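Listed below, chain by chain, are the residues.
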Amino acid sequence: MSQPMIAVKELTKSYGEVHAVRSISFEIPRGQIVGFLGPNGAGKTTTMKVLTGYIAPTSGSFMVDGLDGYEQGLQVRNRVGYLPEHNPLYPELVVYDFLSYVASLRRIPKKKIQARIREVGSRCGIQEFVGRPIGTLSKGQRQRVGLAQAMIHDPPLLILDEPTSGLDPNQIVEIRNLVRELGQDHTVILSTHNLPEVMQTCTRLLIIHQGKIVADGTQEELQRDATDNPTVILEVEGGADDTGSMTEQLEKLNGIRSVKGGVQEKGIRFIIETADGSDLRTDIFGLAATAGWSVRELRRDVPDLEHIFHRLTQQ
Ligand code: ATP
């Protein structure tokens, strides 16, 4: 198995009495786009700042690209591109000069800076305004400049703290698409409060709550874990007279835990709980076909991400 891009082990960060991150451990393989979710104050920014080498952990360890975060801090910083939460840019500076300044801080040789700015500029779609002062740019444009500065030294890992915060819906889509594109050849961790964004952009989720990781997996895995008894929704044509016999027939199927039927405006809706995690849609469809029921809808009822997030972060 190839080395993970990030391996965090029992990492703790306290600010005096405030225990922001409490002994968290996780690994991120190369090439994933990971959504880092959690309520305000959960510890997302703190974790990201540790991984970027911005602040030191109180205890625990982490590796980036096979390098020790403590022993090889300088090399680790070279492997990471960071877009901080409030994307601090200098409004009076022209975009090109700003990127050139960041490139020199990153020790990119002077003769290579122009080519590098052209490269990240084209990748981040900033060529049109590279000659303008940052203060004259829209928020979405500034975020693109922020991403360009994070990528100037060509790091394999991008850490983006709330990259779409404060953007309008169109700008959110643009930045989201850009992040997805960057994810084709970078490992990306992004923190956000925007759950639809995670669903559309990320291949994996980490949920942090009160400094601890409370969930780690794909959306499907989190949904599976959150479902004790999988539920199937069945809607068929019919009225109150049919409900009783239909319920009885459904209850006779193997693996059914409970069946609740209710008459609705346009038919009967059954909420069917299955017993052992099995997906009984095929059996239910078979019964409906044999019995000659007209099926309007048959689907698994899985909890959405919002529901899972609330459940995990409300204690
Ligand atoms: P948000 O979604 O609001 O950005 P977050 O998940 O990024 O929150 P952090 O910024 O990591 O959370 O904060 C975690 C905890 O650590 C909070 O209780 C916060 O008040 C505290 N904290 C963060 N930075 C400092 C600091 N420099 N000094 C003291 N406490 C801090």
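What you are looking at is a predicted structure, and each value in this text was computed from that prediction instead of being measured.

Applying the stated criterion across every chain, the model contains 12 salt bridges. Note that Arg-30 and Asp-65 form a salt bridge whose closest N and O atoms lie 2.8 Å from each other. Note that Arg-30 is positioned in the loop between strand 2 (18-28) and strand 3 (33-37) and Asp-65 in the loop between strand 4 (59-64) and strand 5 (67-68), a separation of 35 residues in sequence. With a relative accessible area of 35%, Arg-30 lands in the partly exposed category.

A separate point is the sheet that holds strand 9 (residues 204-209). The strand order across the open sheet built from six strands is 6-7-8-3-9-10, with neighbouring strands paired in mixed fashion. A strand with exactly one partner marks an edge of an open sheet, and here the two such strands are strand 6 (80-83) and strand 10 (212-217). Neighbour to neighbour, the strand axes of the sheet diverge by 15° on average, direction disregarded. Of the pairings in the sheet, the one linking strand 3 to strand 8 (residues 187-191) comprises four bridges and is parallel in character.

The next point concerns the domain arrangement of the protein chain. Assigned domains of the protein chain: these are domain 1 (6-225) and domain 2 (231-303). A C-alpha centroid distance of 46 Å is found between domain 1 and domain 2.

Another point: the nonpolar core. Judged by nonpolar contacts, the single largest core of 45 residues is most densely connected at Val-95, Leu-99, Ile-126, Val-145, Leu-147, Ile-152 and Leu-160. Discounting chain neighbours no more than four positions away, the residues touching Val-145 are Leu-89, Val-95, Phe-98, Leu-99, Ile-126, Phe-129 and Leu-137.

Turning next to the sheet that holds strand 11 (residues 231-236). Spatial ordering of the open sheet is given by 12-13-11-14, a layout of four strands whose pairing is antiparallel. The outermost strands of the open sheet, each flanked by one partner alone, are strand 12 (256-264) and strand 14 (295-301). On average, adjacent strands in this sheet sit at an angle of 15° to one another, irrespective of strand direction. In the sheet, strand 11 pairs with strand 14 via six bridges, with the strands oriented antiparallel. Among the inter-strand pairings, Thr-231 is bridged to a residue of strand 14, identified as Asp-301. Helix 10 (residues 281-291) rests against strand 11, strand 13 (267-274) and strand 14 of the sheet, and its axis sits at about 165° to strand 14.

What follows deals with the environment of Val-34. In this structure, Val-34 sits in strand 3. Along the sequence, Val-34 and Cys-202 sit 168 residues apart, while their C-alpha atoms lie 5.3 Å from each other. Every residue in contact with Val-34, bar those within four places of it in the chain, is listed here: Ile-28, Val-188, Ile-189, Leu-190, Cys-202, Arg-204 and Leu-206.

Moving on: the packing of aromatic side chains. What the rule picks out here adds up to four aromatic pairs. Ring geometry for Phe-26 versus Phe-36: centroids 6.5 Å apart, planes at 50°, classification tilted. Of this pair, Phe-26 sits in strand 2 while Phe-36 sits in strand 3, placing them 10 residues apart in sequence. For the pair Phe-26 and Phe-36, one class covers both residues: buried. Taking 6.1 Å as the distance between ring centres and 55° as the angle between the ring planes, the aromatic pair formed by Tyr-90 and Phe-98 counts as tilted. Overall, Tyr-90 belongs to the partly exposed group, its relative accessible area being 39%.

Take the site of the ligand next. Surveying the vicinity of the ligand reveals 14 residues, the closest of which are Asn-40, Gly-41, Lys-44, Thr-45 and Thr-46. One of the side-chain N or O atoms of Thr-45 is found 2.8 Å from an oxygen atom in the ligand. Between the ligand and the protein, one listed contact pairs an oxygen atom with a side-chain N or O atom of Thr-46 at 2.5 Å. In the complex, 62% of the free accessible area of the ligand, which totals 640 Å², lies under the protein chains. Listing elements by their share of the shell around the ligand, those giving two or more residues are strand 2 and helix 1 (44-51). Tallying contributions element by element places helix 1 first for the shell around the ligand, with three residues. Along the lines of polarity and charge, the residues of the shell around the ligand split into five nonpolar, six polar and three charged.

Its location among the elements puts Ser-14 in strand 1 (residues 6-15). The buried category is assigned to Ser-14, whose relative accessible area is 18%. Within the local environment of Ser-14, its side chain forms a polar contact with the side chain of His-19, the two groups lying 2.9 Å apart. In this view, Ser-14 contacts His-19, Ala-20 and Thr-58; residues no more than four positions away in its chain are not counted.

Glancing now at the side chain of Arg-204. With respect to the helices and strands, the residue Arg-204 is situated in strand 9. Arg-204 gets classed as buried once you look at its relative accessible area, which sits at 8%. Within the structure, the side chain of Arg-204 is placed 2.7 Å from the backbone oxygen of Glu-27, a separation counted as a polar contact. Setting aside residues up to four positions removed in sequence, Arg-204 forms contacts with Glu-27, Ile-28, Pro-29, Gln-32, Ile-33, Val-34, Gly-35, Asp-216, Gly-217 and Thr-218.

About the cut-offs
- Residues numbered from 1 in each chain as written.
- Predicted model: local features only at pLDDT ≥ 70, side-chain atom pairs only at ≥ 80, totals over all residues.
- Heavy atoms only, no water.
- Salt bridge = Lys/Arg side-chain N within 4 Å of Asp/Glu carboxyl O.
- Helix = DSSP H or I, 4+ residues; strand = E, 2+ residues; numbered from the N terminus.
- Buried < 20%, exposed > 50% of the residue type's maximum accessible area, 1.4 Å probe, protein only.
- Pairing = 2+ DSSP bridges.
- Axes fitted to C-alpha atoms, helices over the stretch in contact; angles between N-to-C directions.
- Domains from an automatic or database assignment.
- Core = buried A, V, L, I, M, F, W, Y, C linked by side-chain atoms within 4.5 Å.
- Contact = heavy atoms within 4.5 Å.
- Phe/Tyr/Trp six-rings, centres within 6.5 Å; stacked < 30°, edge-to-face > 60°.
- Near = heavy atom within 4 Å.
- Polar contact = N/O pair within 3.5 Å; in protein donor to acceptor, adjacent residues only side chain to side chain.
- Areas by Shrake-Rupley, 256 points an atom, 1.4 Å probe, with all protein chains shown as cover.
- Nonpolar A, V, L, I, M, F, W, Y, C, P; charged D, E, K, R; others polar.

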